[in-house]
Amino acid sequence: MSPSRALLRGGSLCLPAAAAALVAGWTFSDFGPPGWFTDALEYLWFADFYRQWFDGAPSSVATEAFQTTRFPPLLPLLLAGFGAGSADPGPSGVLMAVMFTACAALATAWARREVGGVLAPVLCGLAVAISPGWFLLQQISPVSEPLMLALVLAALLLARAGPMTRGRALALARVAGTVPLARSIGIALMLPVVLHLAA
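Because the structure is predicted, anything quoted here is derived from the model rather than measured.

Novice: Can you help me understand the packing of aromatic side chains in this one?
Specialist: Each aromatic ring pair is summarised here by two numbers: the centre-to-centre distance and the angle between the ring planes. Counted according to the given criterion, the structure contains 6 aromatic pairs. Taken together, a centroid distance of 5.6 Å and an interplanar angle of 70° make the contact between Phe 49 and Tyr 50 edge-to-face. Classification of Phe 49 by relative accessible area gives buried; the value is 11%. Judged by centre distance (6.1 Å) and plane angle (80°), the ring pair of Phe 49 and Trp 53 falls under edge-to-face. Of this pair, Phe 49 and Trp 53 both sit in helix H2 (residues 38-55), 4 residues apart, which is roughly one turn of the helix. A relative accessible area of 61% means that Trp 53 is categorised as exposed. Here the aromatic residues Phe 46, Phe 49, Tyr 50, Trp 53 and Phe 66 are joined through ring pairs into a cluster of three or more.

Novice: Looking at this structure, I do not really get the environment of Phe 71. What am I missing?
Specialist: Here Phe 71 is to be found in the loop between helix H3 (60-68) and helix H4 (74-81). Look at Phe 71 and you get buried, because its relative accessible area is 13%. Along the sequence, Phe 71 and Leu 181 sit 110 residues apart, while their C-alpha atoms lie 8.7 Å from each other. Among residues more than four places away in sequence, those in contact with Phe 71 are Asp 39, Glu 42, Tyr 43 and Phe 46.

Novice: Which parts of the structure should I look at to understand the packing of helix H9 (residues 166-182) against helix H10 (residues 190-198)?
Specialist: The packing of two helices is summarised by the inter-axis angle and the distance between the axes. Orientation of H9 relative to H10, taken along the N-to-C sense of each, is 170°, at an axis distance of 10 Å. With respect to their mutual orientation, H9 and H10 come out roughly antiparallel. Contact with H9, carried on its side by Ala 169, Leu 172, Ala 176, Gly 177 and Pro 180, involves Met 190, Val 193, His 196 and Leu 197 of H10 and no other residues of that element.

Novice: Got a minute to help me understand the environment of Arg 183 in this structure?
Specialist: Its location among the elements puts Arg 183 in the loop between H9 and H10. Its relative accessible area of 26% is what places Arg 183 among the partly exposed residues. Along the primary structure Arg 183 and Pro 73 are separated by 110 residues, whereas in three dimensions their C-alpha atoms are 8.8 Å apart. Of note is the side chain of Arg 183, whose polar atom sits 2.9 Å from the side chain of Ser 144.

Criteria and thresholds
Within every chain, residues take consecutive numbers counted from 1 along the sequence as written. Since the coordinates come from a predicted model, pLDDT governs what is reported: local features require at least 70, and pairs of side-chain atoms require 80 or more to be given and counted, while whole-chain, interface and lining totals use all residues. Values reported for side chains reflect all heavy atoms of the structure, with hydrogen atoms and water molecules removed beforehand. When the centres of two rings from Phe, Tyr and Trp lie within 6.5 Å, Trp using its six-membered ring, the rings pair. Their planes under 30 degrees apart give stacked, over 60 give edge-to-face, and anything left gives tilted. Relative accessibility thresholds used throughout: buried, under 20% of the residue-type maximum; exposed, over 50%; partly exposed, between the two (1.4 Å probe, protein chains only). Starting at the N terminus, helices and strands are each numbered in turn, a helix being any DSSP run of H or I of at least four residues and a strand any DSSP run of E of at least two. The criterion used for residue contact is that any of the two residues' heavy atoms lie within 4.5 Å. Helix axes use the C-alpha atoms of the stretch in contact, all axes being lines fitted to C-alpha atoms, and the angles between their N-to-C directions lie in the range 0 to 180 degrees. The labels follow the angle: roughly parallel below 35 degrees, roughly antiparallel above 145, roughly perpendicular from 65 to 115, and oblique for the rest. Any pair of nitrogen or oxygen atoms within 3.5 Å is treated as a polar contact; in protein, a donor-acceptor pairing is required on top of that, and neighbouring residues in sequence qualify only through side-chain atoms on both sides.

Structure follows, in structure tokens:
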């Protein structure tokens, strides 16, 4: 394969991630701060709980949100790390845009590993990149679905990356073990991972 063809092929595989970044940026700039719905509010209140430890300013509302939430802690912790909270939701849009872009890139990489070629992986990544439910309907509000999808795709990539060395098995176990911290339903990933590692 000529260098120019290889460059074109590599560039086309980056297209879904670039599309996701553009769509997320357009959505954020056109619609403004993240939209509000109950799950997003709860994530931001939960993030306030972590921010009170970073900022040194205790909050009884944040503590109550932590004690009564039904959500796992990973997304609120990341939101707090990005500086997002109920008083300042703007940074959550940046985090969501990063996660959407990562999902598109990981979906492209996974499809490339599974089916090869360029067209199918690019279409798979673009399908993730332009999913209207993530970008347009929720206005890139803080939701845990893209975080879970990114972790699941990372686990799939690790599982199929070649011979299962001890280091790769540990990395796979770590990534898969993190999925339930993003969404509780991620616990369902544990059995397939265990069966894969045992095979």
